[in-house]
Protein chains: 2
Amino acid sequence: MQTWLDTTIRALNLVETMEQPNGFTRLSFSKEELEAQDVFKELATSLGMTVRTDAIGNVIARLEGRNSGPAYAYGSHLDTVTNGGGYDGAAGILTALGAVKLLKDRDQTLEYPLEVICFVSEESSRFSMSTVGSKAMAGMLTEEQLETMVDQDGVTLGDAIDEAGYDPAAFREAERDADELRSFVELHIEQGMRIENAGKEYGVARAIACPIRLKLTIKGRAGHTGTTPMNQRQDALPEASELILFVQKQANALNESADYPLVATVSTIESYPNAMNVIPGEVVLGIDIRSVSDALKEQMEAAIDRFISDSSFDIDKQVLVRNPSVTLDATICDKLMKLENETGYTCLPMESGAGHDVMNMQTKWPSGLLFIPCKDGLSHHPNEHASLQDLEKGTELLYHYMITAGR
Amino acid sequence: MQTWLDTTIRALNLVETMEQPNGFTRLSFSKEELEAQDVFKELATSLGMTVRTDAIGNVIARLEGRNSGPAYAYGSHLDTVTNGGGYDGAAGILTALGAVKLLKDRDQTLEYPLEVICFVSEESSRFSMSTVGSKAMAGMLTEEQLETMVDQDGVTLGDAIDEAGYDPAAFREAERDADELRSFVELHIEQGMRIENAGKEYGVARAIACPIRLKLTIKGRAGHTGTTPMNQRQDALPEASELILFVQKQANALNESADYPLVATVSTIESYPNAMNVIPGEVVLGIDIRSVSDALKEQMEAAIDRFISDSSFDIDKQVLVRNPSVTLDATICDKLMKLENETGYTCLPMESGAGHDVMNMQTKWPSGLLFIPCKDGLSHHPNEHASLQDLEKGTELLYHYMITAGR
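Here the structure is a predicted model, which is why all the values come from computation and not from measurement.

A.B. asks: Can you walk me through the interface of chain B and chain A in this structure?
C.D. replies: Interfaces are often described in size by the accessible area the parts lose on coming together. Taken together, the 52 residues of chain B in the interface contact 52 residues of chain A. Both faces considered, chain B and chain A share a buried interface measuring about 4000 Å² in area, 61% of it formed by carbon and sulfur atoms. For chain B, the biggest contributors to the area lost against chain A are Thr227, Met230 and Met276 of chain B; these three give 18% of the whole. At the boundary of chain B with chain A, the tally comes to 16 residue pairs in polar contact (both at pLDDT 80 or more). The element best represented in the side of chain B that touches chain A is helix 8 (residues 236–257) of chain B, accounting for 10 residues.

A.B. asks: What's the story with the domain arrangement of chain A in this structure? I'm lost.
C.D. replies: Residue and element names in this part refer to chain A. What the domain assignment reports for chain A is domain 1 (2–209 + 325–404) and domain 2 (212–322). Facing nine residues of domain 1, the contacting portion of domain 2 comprises seven residues. Taken as a group, Ala209, Ser325 and Glu351 account for 73% of the area that domain 1 buries against domain 2, more than any other trio of residues on that side. Along the contact surface separating domain 1 from domain 2 lie zero salt bridges. At the junction of domain 1 and domain 2, the tally comes to four residue pairs in polar contact (both at pLDDT 80 or more). Classifying every residue of the side of domain 1 that touches domain 2 gives four nonpolar, three polar and two charged.

A.B. asks: How should I be thinking about a negative patch on the surface in this particular structure?
C.D. replies: A contiguous patch of negative charge on the surface is contributed by Asp159, Asp162, Glu163, Asp167 and Glu173 of chain A. Mapping glutamate 163 of chain A onto the fold places it in helix 6 (residues 157–163).

A.B. asks: I'm lost on the UniProt feature "binding site: Zn(2+) 2" (unreviewed entry) in chain A in this one. Help?
C.D. replies: Residue and element names in this part refer to chain A. This chain's UniProt record puts "binding site: Zn(2+) 2" (unreviewed entry) on Asp88, Glu123 and His380. A compact arrangement is adopted by the annotated residues: their sequence extent is 293 residues, whereas the largest C-alpha distance between any two is 10.1 Å. Counting through the fold element by element, aspartate 88 comes out in the loop between strand 3 (71–77) and helix 3 (90–105). Its location among the elements puts histidine 380 in the loop between strand 13 (367–372) and helix 12 (388–404). The contact partners of histidine 380, leaving out residues within four places of it in the chain, are Val81, Asn83, Gly84, Asp88, Glu123 and Gln191. Among the polar contacts made by the side chain of histidine 380, one reaches the side chain of aspartate 88 at a distance of 2.9 Å.

A.B. asks: Just to check I follow, could you spell out the environment of glutamate 301 of chain B for this structure?
C.D. replies: All names here are of chain B. Relative to the helices and strands, glutamate 301 resides in helix 9 (residues 294–310). Distance from glutamate 301 to isoleucine 212, taken between C-alpha atoms, is 8.3 Å for residues 89 residues apart in sequence. Not counting residues up to four positions away in its chain, the partners in contact with glutamate 301 are Ile212, Leu214, Ile289, Lys317, Val319 and Arg322.

A.B. asks: Is there a simple way to think about the pairing of strand 6 (residues 202–208) of chain B in this case?
C.D. replies: For a regular strand, the rule is simple: side chains alternate between the two faces of the sheet. Residue and element names in this part refer to chain B. Along strand 6, six of the seven residues are buried, which leaves the element largely enclosed by surrounding structure. The sheet contact formed by strand 6 and strand 14 (residues 347–352) spans five bridges and is parallel. What sits directly across from isoleucine 208, in strand 14, is serine 352. For strand 6 and strand 15 (residues 367–372), the ladder comprises three bridges, and the chain directions are antiparallel. Its bridge partner lying in strand 15, alanine 205 is registered against leucine 369. Examined bridge by bridge, strand 6 and strand 13 (residues 326–327) share two bridges and lie antiparallel to one another. Considered in strand 13, the bridge of alanine 207 is made with threonine 327.

A.B. asks: Would you take a moment to explain the UniProt feature "binding site: Zn(2+) 1" (unreviewed entry) in chain A for this structure?
C.D. replies: Residues and elements named next belong to chain A. According to UniProt, the positions carrying the feature "binding site: Zn(2+) 1" (unreviewed entry) are His77, Asp88 and His188. Annotated residues spanning 112 residues; largest pairwise C-alpha distance 9.6 Å, indicating a single compact cluster. The topology assignment puts histidine 77 in strand 3. We classify histidine 77 as buried; its relative accessible area is 0%. In this structure, histidine 77 is in contact with Asp88, Gly89, Ala90, Ile93, Phe119, Glu122, Glu123, His188 and Asp357, ignoring residues within four places of it in sequence. Of note is the side chain of histidine 77, whose polar atom sits 3.3 Å from the side chain of aspartate 88. If we ignore the near neighbours within four places in the chain, the residues touching aspartate 88 are His77, Asp79, Glu123, His188, Ile189, Gln191, Ser379, His380 and Glu384.

A.B. asks: I tried to follow the relation of the copies chain B and chain A on my own but got confused; where do I start?
C.D. replies: With an RMSD of 0.1 Å, the operation that places chain B on chain A is a rotation of 180° combined with a shift of 0.1 Å along the axis. In the structure described here, the two chain copies are related by an operation that fits a two-fold rotation axis. Considering only C-alpha atoms, the part of chain B nearest the rotation axis is serine 241 of chain B, at 2.2 Å. A share of 100% of the interface residues of chain B reappears at the interface of chain A, consistent with the copies meeting face to face through the same patch.

A.B. asks: Just checking my understanding: could you explain the sheet that holds strand 11 (residues 282–290) of chain B for this structure?
C.D. replies: What holds strands together in a sheet is hydrogen bonding between their backbones, with the strands either parallel or antiparallel. Residue and element names in this part refer to chain B. Across the sheet, four strands lie side by side as 9-11-7-12; this open sheet has antiparallel pairing. Each edge of the open sheet is held by one strand with a lone partner, namely strand 9 (263–272) and strand 12 (314–322). With direction set aside, neighbouring strand axes in the sheet form an average angle of 20°. In the sheet, strand 7 (residues 212–219) pairs with strand 12 via eight bridges, with the strands oriented antiparallel. Its bridge partner lying in strand 12, leucine 216 is registered against lysine 317. Sheet contacts for helix 8: strand 7, strand 9 and strand 11; angle to strand 11, the most-contacted strand, approximately 10°.

A.B. asks: Is there a simple way to think about the packing of aromatic side chains in this case?
C.D. replies: Each aromatic ring pair is characterised by the separation of its centres together with the angle its planes make. Residue and element names in this part refer to chain B. This structure, assessed with the given rule, holds eight aromatic pairs over all chains. Ring plane angle 70° and centroid distance 5.6 Å describe the contact between phenylalanine 119 and phenylalanine 184, whose orientation is recorded as edge-to-face. Of this pair, phenylalanine 119 sits in strand 4 (residues 114–119) while phenylalanine 184 sits in strand 5 (residues 181–189); the two residues are 65 residues apart in sequence, bridging distant segments of the chain. Ring centres of phenylalanine 246 and phenylalanine 307 lie 5.2 Å apart, and the angle between their planes is 45°; this geometry places the pair in the tilted category. Note that phenylalanine 246 is positioned in helix 8 and phenylalanine 307 in helix 9, a separation of 61 residues in sequence. In this structure phenylalanine 307 comes out as buried when scored by relative accessible area, which is 14%. Sitting above the plane of the tyrosine 112 ring, arginine 182 keeps its charged end 3.7 Å from the centroid. The cationic tip of lysine 393 hangs over the ring face of tyrosine 345; the distance from NZ or CZ to the ring centre is 5.8 Å.

A.B. asks: Where do I start with empty space enclosed by the protein in this structure?
C.D. replies: In this approach, a probe sized like a water molecule rolls over the atoms, and the result shows the empty space that is left. Residues and elements named next belong to chain A. Scanning the entire structure with this criterion turns up one cavity of 30 Å³ or more. The computed volume of the largest cavity comes to approximately 60 Å³. When contributions to the lining of the largest cavity are tallied by element, the ones reaching two or more residues are helix 8 (236–257) and strand 8 (263–272). Grouping the amino acids of the lining of the largest cavity by side-chain chemistry returns six nonpolar, two polar and two charged.

A.B. asks: When you look at the state of the cysteines in this model, what are you seeing that I'm missing?
C.D. replies: Cysteine pairs can be linked by a disulfide, which is a covalent bond between their two sulfur atoms. Overall, the coordinates contain zero disulfides over all chains when judged by the stated rule. Cysteine cysteine 374 of chain A remains unbridged, with the sulfur of cysteine 347 of chain A as its closest cysteine sulfur at 16 Å. The cysteine cysteine 210 of chain B is free of any disulfide, with cysteine 333 of chain B supplying the nearest cysteine sulfur at 14 Å.

A.B. asks: Sorry, what's going on with the pattern of salt bridges here?
C.D. replies: Here the idea is simple: oppositely charged side chains can pair when their charged atoms come close. Residues and elements named next belong to chain A. Under the counting rule described, the total for this entry stands at 44 salt bridges over all chains. Here aspartate 151 makes a salt bridge to arginine 126, at a shortest N to O gap of 2.9 Å. In this pair, aspartate 151 is assigned in the loop between helix 5 (143–148) and helix 6 and arginine 126 in the loop between strand 4 (114–119) and helix 4 (132–137), connecting sequence segments 25 residues apart. Arginine 126 carries the same exposure label as aspartate 151, and that label is buried. Between aspartate 288 and arginine 213 there is a salt bridge, and its shortest N-O distance comes to 2.8 Å. With a gap of 75 residues between them, aspartate 288 in strand 9 (residues 282–290) and arginine 213 in strand 7 (residues 212–219) connect regions that are remote in the sequence. Assigned by exposure class, aspartate 288 and arginine 213 land together as buried. Salt bridges here are not isolated pairs; linked through shared partners, they connect Arg62, Glu64, Glu115, Arg176 and Glu180.

So, how was this worked out
- Residues numbered from 1 in each chain as written.
- Chains lettered and ligands numbered in written order.
- Predicted model: local features only at pLDDT ≥ 70, side-chain atom pairs only at ≥ 80, totals over all residues.
- Heavy atoms only, no water.
- Contact = heavy atoms within 4.5 Å.
- Buried area = accessible area lost by both parts, 1.4 Å probe.
- Polar contact = N/O pair within 3.5 Å; in protein donor to acceptor, adjacent residues only side chain to side chain.
- Helix = DSSP H or I, 4+ residues; strand = E, 2+ residues; numbered from the N terminus.
- Domains from an automatic or database assignment.
- Salt bridge = Lys/Arg side-chain N within 4 Å of Asp/Glu carboxyl O.
- Nonpolar A, V, L, I, M, F, W, Y, C, P; charged D, E, K, R; others polar.
- Patch = residues over 30% accessible without salt bridge, like charges linked within 9 Å, V, L, I, M, F, W, Y side chains within 5 Å.
- Areas by Shrake-Rupley, 256 points an atom, 1.4 Å probe, with all protein chains shown as cover.
- Lys, Arg positive; Asp, Glu negative; His and termini not counted.
- Charge placed at Lys NZ, Arg CZ, Asp CG, Glu CD.
- UniProt positions renumbered as here; feature names shortened; annotations may be inferred.
- Buried < 20%, exposed > 50% of the residue type's maximum accessible area, 1.4 Å probe, protein only.
- Pairing = 2+ DSSP bridges.
- Least-squares fit on C-alpha atoms with pLDDT ≥ 70 in both.
- Axes fitted to C-alpha atoms, helices over the stretch in contact; angles between N-to-C directions.
- Phe/Tyr/Trp six-rings, centres within 6.5 Å; stacked < 30°, edge-to-face > 60°.
- Lys NZ or Arg CZ within 6 Å of the ring centre and 35° of its normal.
- 1 Å grid on protein atoms, 1.4 Å probe; cavity = no way out; pocket = protein on both sides within 12 Å on 5 of 7 lines; lining within 4 Å.
- Points joined across faces, edges and corners; volume = space filled by probe spheres on them.
- Disulfide = S-S within 2.5 Å.

As structure tokens, this is what we get:
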């Protein structure tokens, strides 16, 4: 199995070796993403699946069961960030195909149809908007998004869909009816260290922490660094520093007292005019707050609001994103956790700090999310790595889920 | 006199009104700087002065005295930053010409020659290098600077000199012998609020605070903001924040205990990768430290060194600039302060937090620096303003210095 996994992960990544100093760059709706999808189509066909591409570019490989009816679906994506790794997304596609191969190798037939879905455009690197394909399938994509989301060259999402060979006006045809699928399960690399730190072998996410994202503008007063005495300044950068440290301290404090983890990060900073001889007159901070508990995210936001109202500076707050966190289907989570019994692998029940296609699928179909470890928790990086052992475990987990799901 | 000052400041700025929403943009060696210099030449000629331009573009207007010998020189510059004000530099040119006009109006002849020098390219906006003209005159400009300093379009300083109509290979001809000048006095707007805050009418700088500039790189570890727990992070931005607050606190403490003022500013910050879903992996800070006391600047730097060695982060320090501060000529300073007696205006002995052409002239000739107030201390800004009353006082101060300097 590991030989097949090794060959196939390289095939899906269009490379001879996974050691790529510059990593992998298959942006949304790019030629490279289409090429990787073509490999997926060939692999699925060779496993006896029928393959179709929907109106927006999701590739759906299907294996009929003994009975007709709604399908059990699996899948992930093959696009990457710029200079990303070859496992984020690809590991989910690989292990789902691997599990279908095991069904064949072990002469297992299924009662109901099975699908492996390769979602198009999961990463937000190109259009600052993630999970386009699964949004379209779940009926969450809007015409406005196609017109307003643009890449750095000014190409709209709609134009990119057109250039990839699909009709952007037909994107609604990618939406599927609720009764087409029974459920959806995604396998993904963890992109963190929790499974390894807990001494476990795989993780099952019970919920996905979707972010609150804030943009704070701290307004001070610019001035000459040489001629403005220290006691006559309104320097925006030290106040921004107090806020950055406050966010870190509050997040740590909330983690100690709460039932769920919370992370809060001042991840972006821009200072104006950012010139060596001018006191910072304005600083803009981007804050990313995540927890599967929306209440906890709101507590963090409320603490920031208190900082703002207590500050002697004029601080403007803008909410960029306020996405309620997604609770995944409890029954599916239970089944995924109980795969411990069939496989002997140890499971960590956990949460997902990052968004995945499964969060959109869950809005319409009962869904679940499996994690396998990745080396040093590293992701979106050329050194991103999942071992063949862990990929094999992931394949076995999906295989056992497939043959027990309908029971 | 105020009518003449009002007409002439507008003439030197090439405008009908000083109310310019976008301010003034006369970059180094630009067509606009040359046009303003042409106005200066006409004005000086009309006051009976002879005018010449040196090898690099400094314009030297000269009025002969009853005796020959080294001249008493005055002056400033006419270039500006982008969207700057119409008084930084221009006020010094205006008041020096105004004082020559007063000599004529009041039938005063001088024993020795007098010069008003309009230095070319004082601002660092275009080439990240200030006071090019006075550096050339004092013999401090180097061939390397002509070749390596480039503007944002990739034009070298040498090419810009060429385009302005001068031979860059001949720049050393602009250097003057020590025995050509007796002294140099510059009048400049204060670019701060100290004169006004002290309830005085003009300032005399005893020294110029030249900067130590540091670039600090704080190396943390990037990671996914959603999947990296708070206690497993090495976020470079909170550490940078601690350092920013430390610099401010130390500068305040040194000000309380020291004889001279010190300012220290973290004026630039760049965070990498500066993406909403990535923990800051590296932060680069630019720090500007100024005091007329080099020892005080070094104490501030030593405190930063202690922070670096105490930090649990890897912090790299690079010294960008280490310019010893310049003490101006004590005799000239005394004379400038004693103009209180002749004029009745009250004087604040002070330091200059910003660099000016006079700092280069002092390396070769005894030099002094007069400040007049400017509104709200604002400079390098469209709203930069010096009142006609203050410009008139500045003119009277230079006039009285001119007629008493040789005594």
